[in-house]
Amino acid sequence: MWISKIKRSCWGVVLSLLIVFAYFPIHISEAASTSKASDDFSLSTNSIKNDYDASGRLQHTNWLQGKMEYEYDSNGNTLGRKRSEPKNRIESDSSAVTQSGIWFNEGGVNVVSNTAGSKLIVKFTGDAIKMNAVAGPNRGIANIRIDGKAYPDIDMYDTNYTNKSYGLAYNLDSGSHTLEVTVSGNKRFDSAGTYLVVDAFLIFGQPEQIMEPGNRVESDNRVVIQSGDWFNEGGVNLASSVTGSKLVMKFTGDSIKMNAAAGPNRGIANIRINGQSYPDIDLYDTEYKNRDYLIAYGLGDGPHVLEVTVLGNKRAESTGVFLVVDAFFVSDQPQAMIEPSTRIESDNSFVIQSGNWSSEGGINLISNAMGSKLMVEFMGDSVKMNAVAGPNRGIANIRIDGQSYPDIDLFDTEYRNKDYIIAYGLGSGPHILEVTVSGNKRAEATAAYLVIDAFLTSDQAQTIIEPEIRIESDNSKVIQSGNWSSEGGINVISNAAGSKLVLKFTGDAVKMNAAVGPNRGIANIRIDGKHYFDFDLYDREYRNLVYTIAYGLGEGPHTLEVTVSGNKRSESTDSFLAIAIFFIKGEAQSLIEPGTRTESDNRSVLPSGNWFSEGGINIASNETGSKLVLKFTGDAVKMNAVAGPNRGIAHVQIDGNSYSDIDLYDIEFRNKEYTIAYGLGNGPHTLEITVSGNKRLESSNTYLVVHAFFSFEPSNRIESDNGFVIQSGNWFSEGGINLSSNSMGSKLVVKFTGDAVKMNAVAGPNRGIAGIRIDGQPYPDIDLYDTEFRNRDYRIAYGLDHGSHVLEVNVSGNKRAESTDTYLVVDTFLVFGEVKPLQEPGNRIESDNALVIQSGNWFSEGGVNLASDSTGSKLVLKFTGDAVKMNAVAGPNRGIANIRIDGRPYPDIDLYDSSYERRDYTLAYGLGDGVHTMEVSVSGNKRLESTDNFVVIDAFFVPGN
């Protein structure tokens, strides 16, 4: 037996060598690319060029050159473009990489920075670029821009220090591109710092010399417009620490730099170009020195408008928030600005007043009521504001077209009129400006007043189309949550913190009519789950006022939440909200209430601290910091709690963000429903309810008593043995309803619509770990181990897009140490949408087909199958389509096959069975419709009961060619 096996092995080697030599001339680029890891190459090795003969056949290949490679048959016909990885290496400290801001060298090879706005820039040719960086536990988030456009941020956090490659972009056009990698100053919560540590960049083509912007424009040049409060420092620089103060310059050319004086009292500069946000720049340094800061490359020839704004923010170690700017450098010319000159007085009928404003001196409007707002619609690409600064002034919150712009601080040591540039480069419009009383101020200001004189625009003001469809606050479409009562038969009123009114509506704007007065508090406003302005309803007298909540939302639908915050200004005698009417542009819509009930003592609600059972169904606590945590899905969540005279205030967080506190006080004991949030989005969310230890005065204690939560969950149930669920590998029925397998690589595949999917499985002491993929991408594994056998729901994914998706649940063969086996036992799947039939790959390719490239030692078994037990022996198939299956012969002497598709590892497949039989194994779905390369390798591994590690393949199935 072993002699015949050796003979087969020898013939297999000869056959493999013949195949390799036959293919070598037309696959030389692929062979070369595998001869050495890409990261071992540098620019100095780039010496060979790609040459083509008259028929277009590739003669010489150097994949370092960066041109796209093609494969050809023996007649010179193109087989198709082959995707390669970028391999031209550019060290981060190379002269081809331009540094801006503060970077230092780490270990002689990497460059490091944690200064927000510091930047690395590389110009290159080719259609792809990667970055090698050192991830670690003190790493932050990098902003990425290519050719001036924002690309996805990259989070470099890792629990260990490790080198990683990050694919920045593929499928760019093949021309010249400019990459900017910027220190954002942001990080995930568990990171210890915001450092970026960059080793190298890898590109297809060649780096190019960056043409630095060379035309110097002094910061006090008259083409640089000053807005707010700037003073001269040292005769050459402009300095300011006043939030919202701004320098604006118009220029032509595709790049711009700023020279600024960094130092230990410096703050963070907000950057906008043509009205779009660019990465902030942190001017902090341990010593005073001038530095160049690259702001942007790849902008196009322009003209462009730059805005540099004092944010009022700084890093912790800085002693101040000063910006000190020396000069700008542009690649072409600065241009004279056409200042906005159309004046609109603040009390003009075009300016909509919202909230509580009064007249000052007959010409200005004044307010210190948080949330009070002035709105103006205008044409043109720029807008300024003339306001009266002074020692009792506060900070104005600014929005244009629904987007946040930098706040403006109106404080000054003396009273005087000032022009404040709000925005340039907006486009011709129309635009809607909102100026809102934030209620915030700097420490030295004695109050938070805004005093507005006029607005100046570059074109004309327009009449705002106000929302006019009236929805009474007691309309059934307005959902009341918590404790509301009727006031005067028309208003609903509450001072119970966390009590809420919820309205779903269409249209791009919403207003609220509220009854202000001397006992009123502050309303918290959210739209579509995002916090908007708080509104202060205090006034010295009782009267109705209209509050504009938001414009520029889009046509919707939208969900508005108005919540009693429980907060008030000092002169108010209470924290009541009294709401009369909402106004919208579209129509009110019925809310779909969350309906999945989770009892407070359910095991999926995790208590922490000190909770006890009350009445056998509720859980109660008055220990400050005690917490209930619930993971849920869907865009809304409610709580049923027992209010009463000894109840306190619950602190609420969702996904780590604070929501409005909920006051459970009532004069009598009764169950109440409290809407916690709507409009969260359909992803997974984490709710935390915490005993705050706070209460209103009349309450006798601080107890929270919680009965249940209500949320959304996927509800369409698909049994695991449903015909829509494709079985692959070796599954058997357990108990007539569940499917069970411990055969590595066995898979269940289901196609569904909707943005979420769950799995119900039977956990137990002999259970293993399930590998999960959706649309071909790996998701977190699921461990089915438990100390006892019981059914459990496992959340697989939420927040997918609403289209079709393909789920694969794979027997990984892994388990935790205490489990006695690796079984998966699956009962059902649950989805939001519907299950769809899978289009199975139907084109059969025999394993000994010439299209299947053999590598290593394979021999024919039974004249139709290919077999090998030689570790590393491989079958390679290139195909089109989004799925691939394999037909293999399982048996008692079979081993484990390694699977790779497009160079990435896919789940291994265990071909062991107690008897010999053919089986279909699904390798992958959801790959995309392009060209893919699959590799099946003999791993050399097997399960204990197998007598050998043979892999025996009959055929492959693909959708296309």
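Calculation notes
Position numbers for residues start from 1 in each chain and track the written sequence from start to end. Confidence filtering applies because this is a predicted model: local features only for residues at pLDDT of at least 70, side-chain atom pairs given and counted only at 80 or more, and all residues used for totals across whole chains, interfaces and linings. To get the side-chain values, all heavy atoms of the structure are used, and hydrogens and water are removed first. Secondary structure follows DSSP: runs of H or I at least 4 residues long count as helices, runs of E at least 2 residues long count as strands, and numbering of each begins at the N terminus. Three exposure classes are used, based on accessible area relative to the maximum for each residue type with a 1.4 Å probe and protein chains only: buried under 20%, partly exposed in between, and exposed over 50%. Whether two residues are in contact is decided by their heavy atoms, any of which lying within 4.5 Å being enough. Here the rule is simple: two strands pair whenever DSSP picks up at least two bridges between them. Between the N-to-C directions of two axes lies an angle of 0 to 180 degrees, each axis being a line fitted to C-alpha atoms and, for a helix, fitted only over the stretch in contact. Basic side-chain nitrogens of Lys or Arg form a salt bridge, by our definition, when they fall within 4 Å of a carboxyl oxygen of Asp or Glu. Pairing of aromatic side chains here covers Phe, Tyr and the six-membered ring of Trp, requires ring centres within 6.5 Å, and sorts the geometry by plane angle: under 30 degrees stacked, over 60 edge-to-face, intermediate tilted. For a Lys NZ or an Arg CZ to count as sitting over a ring, it must be within 6 Å of the ring centre and within 35 degrees of the ring normal. For the purposes of this section, nonpolar cores are sets of buried Ala, Val, Leu, Ile, Met, Phe, Trp, Tyr and Cys residues that join through side-chain atoms within 4.5 Å. Two N or O atoms form a polar contact when they lie within 3.5 Å of each other; inside protein one atom must be a possible hydrogen donor and the other a possible acceptor, and for residues adjacent in sequence the pair counts only when both atoms belong to side chains. Each residue carries a pLDDT value, the predictor's own confidence for that position, ranging from 0 to 100.

**Some words on the overall build of the protein**
Next, step 1: Across its full length, the protein holds two helices and 86 strands.
Next, step 2: Per-residue burial over the protein gives 57% buried out of 961 residues.
Next, step 3: Across the protein, contacts joining residues at least 24 apart in sequence account for 74% of those joining residues at least 6 apart.

**Some words on the sheet that holds strand β80 (residues 874–880)**
Next, step 1: Here we have five strands laid out as an open sheet, ordered β77-β80-β85-β82-β83, and antiparallel in their pairing. Of all strands in the sheet, those bounded by a partner on one side alone are β77 (853–855) and β83 (904–910). With strand direction ignored, the average angle separating the axes of adjacent strands in the sheet is 20°.
Next, step 2: Across seven bridges, β80 lies against strand β85 (residues 931–938) in antiparallel orientation. Along β85, the bridge assignment pairs Thr880 with Val931.

**Things to note about the pattern of salt bridges**
Next, step 1: Inspection of every chain in the model, using the stated rule, returns 52 salt bridges.
Next, step 2: Between Arg520 and Glu487 there is a salt bridge, with the nearest N and O atoms lying 3.5 Å from each other. Taken together, the positions of Arg520 in the loop between β46 (510–516) and β47 (522–527) and Glu487 in strand β43 (residues 485–487) put the pair 33 residues apart, joining distant regions of the chain.
Next, step 3: What makes Arg520 buried here is its relative accessible area of 2%.
Next, step 4: Through salt bridges with shared partners, a single ionic network connects Asp229, Asp412, Arg416 and Lys418.

**Things to note about the packing of aromatic side chains**
Next, step 1: Enumeration according to the criterion identifies five aromatic pairs in this entry.
Next, step 2: Here Phe535 and Tyr547 contribute two aromatic rings whose centre-to-centre distance is 5.3 Å and whose plane-to-plane angle is 45°, an arrangement assigned as tilted. In this pair, Phe535 sits in strand β49 (residues 535–536) while Tyr547 sits in strand β50 (residues 543–550), placing the two residues twelve residues apart along the sequence.
Next, step 3: Using a relative accessible area of 0% as the deciding quantity, one classes Phe535 as buried.
Next, step 4: Overall, Tyr547 belongs to the buried group, its relative accessible area being 0%.
Next, step 5: With a centroid separation of 6.4 Å and 85° between ring planes, the pair formed by Phe612 and Tyr703 is classed as edge-to-face. Residue Phe612 is located in strand β56 (residues 612–614), and its partner Tyr703 is located in the loop between β62 (684–691) and β63 (704–712); the two are separated by 91 residues in the primary sequence.
Next, step 6: Between the NZ or CZ atom of Arg145 and the centre of the ring of Tyr278, over which it lies, the distance is 3.7 Å.

**Let's talk about the pairing of strand β59 (residues 649–654)**
Next, step 1: As paired strands, β59 and strand β60 (residues 657–663) are joined by five bridges and run antiparallel to one another. Opposite Gln653, over in β60, you have Ser658 as the bridge partner.
Next, step 2: Where β59 folds back onto β60 in an antiparallel hairpin, the turn is made up of two residues, including Asp655, whose phi is positive at roughly 55°.
Next, step 3: The pairing of β59 with β62 spans five bridges and is classified as antiparallel. Bridge assignment links Val652 to a residue of β62, and that residue is Ile689.

**Digging into the pairing of β85**
Next, step 1: Across the eight residues of β85, six count as buried, placing the element largely inside the fold.
Next, step 2: With five bridges joining them, strand β82 (residues 896–901) and β85 adopt antiparallel strand pairing. Residue pairing for β85: Ile899 is matched across the bridge by Val936.

**Quick notes on unusual backbone geometry**
Next, step 1: Here Asp775, not a glycine, exhibits a phi torsion of approximately 55°, which is positive.
Next, step 2: Turning to its location among the elements, Asp775 is positioned in the loop between β70 (769–774) and β71 (777–783).

**Examining the nonpolar core**
Next, step 1: Ranked by size, the top nonpolar core spans 31 residues in total, and within it Met512, Phe535, Ile549, Leu560, Ile579 and Phe582 carry the most contacts.
Next, step 2: The residues touching Leu560, leaving out its near neighbours within four places in the chain, are Leu501, Val502, Leu503, Phe505, Val510, Ile525, Arg526, Ile527, Ile549 and Phe582.
Next, step 3: In terms of nonpolar packing, the next biggest core, distinct from the first, is built from 29 residues, Val223, Ala269, Val308 and Phe328 among them.

**A few points about the side chain of Asp326**
Next, step 1: Note on placement: Asp326 falls in strand β27 (residues 323–330).
Next, step 2: Here Asp326 falls in the buried class, since its relative accessible area comes to 8%.
Next, step 3: Polar contacts involving the side chain of Asp326 include one to the side chain of Arg216, which spans 3.2 Å.
Next, step 4: Aside from chain neighbours lying at most four places away, what touches Asp326 is Arg216, Glu218, Ser219, Val236, Asn237, Asn259, Ala260 and Asn290.

**Regarding the side chain of Ser743**
Next, step 1: Note on placement: Ser743 falls in the loop between β67 (738–741) and β68 (747–753).
Next, step 2: The exposure class of Ser743 is buried, given its relative accessible area of 2%.
Next, step 3: Here Asp910 takes part through its backbone oxygen, which lies 3.4 Å from a polar atom of the side chain of Ser743.

**A closer look at the environment of Asp347**
Next, step 1: You can see Asp347 is positioned in the loop between β29 (342–345) and β30 (352–354).
Next, step 2: On the accessibility criterion, Asp347 (42% relative accessible area) is partly exposed.
Next, step 3: With residues up to four places along the chain from it excluded, the contact list for Asp347 reads Gly362, Ile363 and Leu365.

**Here's the deal with the environment of Pro959**
Next, step 1: Position of Pro959 relative to the elements: it lies in the segment after β86 (951–958).
Next, step 2: Sequence separation between Pro959 and Lys885 is 74 residues; the distance between their C-alpha atoms is 9.6 Å.
Next, step 3: If we skip the residues at most four places from it in the chain, Pro959 touches Pro841, Gly842, Asn843, Thr880, Gly881, Asp882 and Ala883.

**So, the confidence of the model for the protein**
Next, step 1: The pLDDT averaged across the protein works out to 81; a share of 90% of its residues lies at or above 70.
Next, step 2: Highest mean pLDDT in the protein belongs to strand β52 (residues 577–584) (93); lowest belongs to helix α2 (residues 28–33) (28).
Next, step 3: Note on residues 1–84: pLDDT under 50 across the span, and 116 contacts to partners over four residues away in sequence or across chains.

**Focus: the environment of His431**
Next, step 1: Its location among the elements puts His431 in strand β38 (residues 431–437).
Next, step 2: Taking C-alpha positions, His431 is 9.5 Å from Gly402, a pair spaced 29 residues apart along the chain.
Next, step 3: Of note is the side chain of His431, whose polar atom sits 3.4 Å from the backbone oxygen of Gly380.

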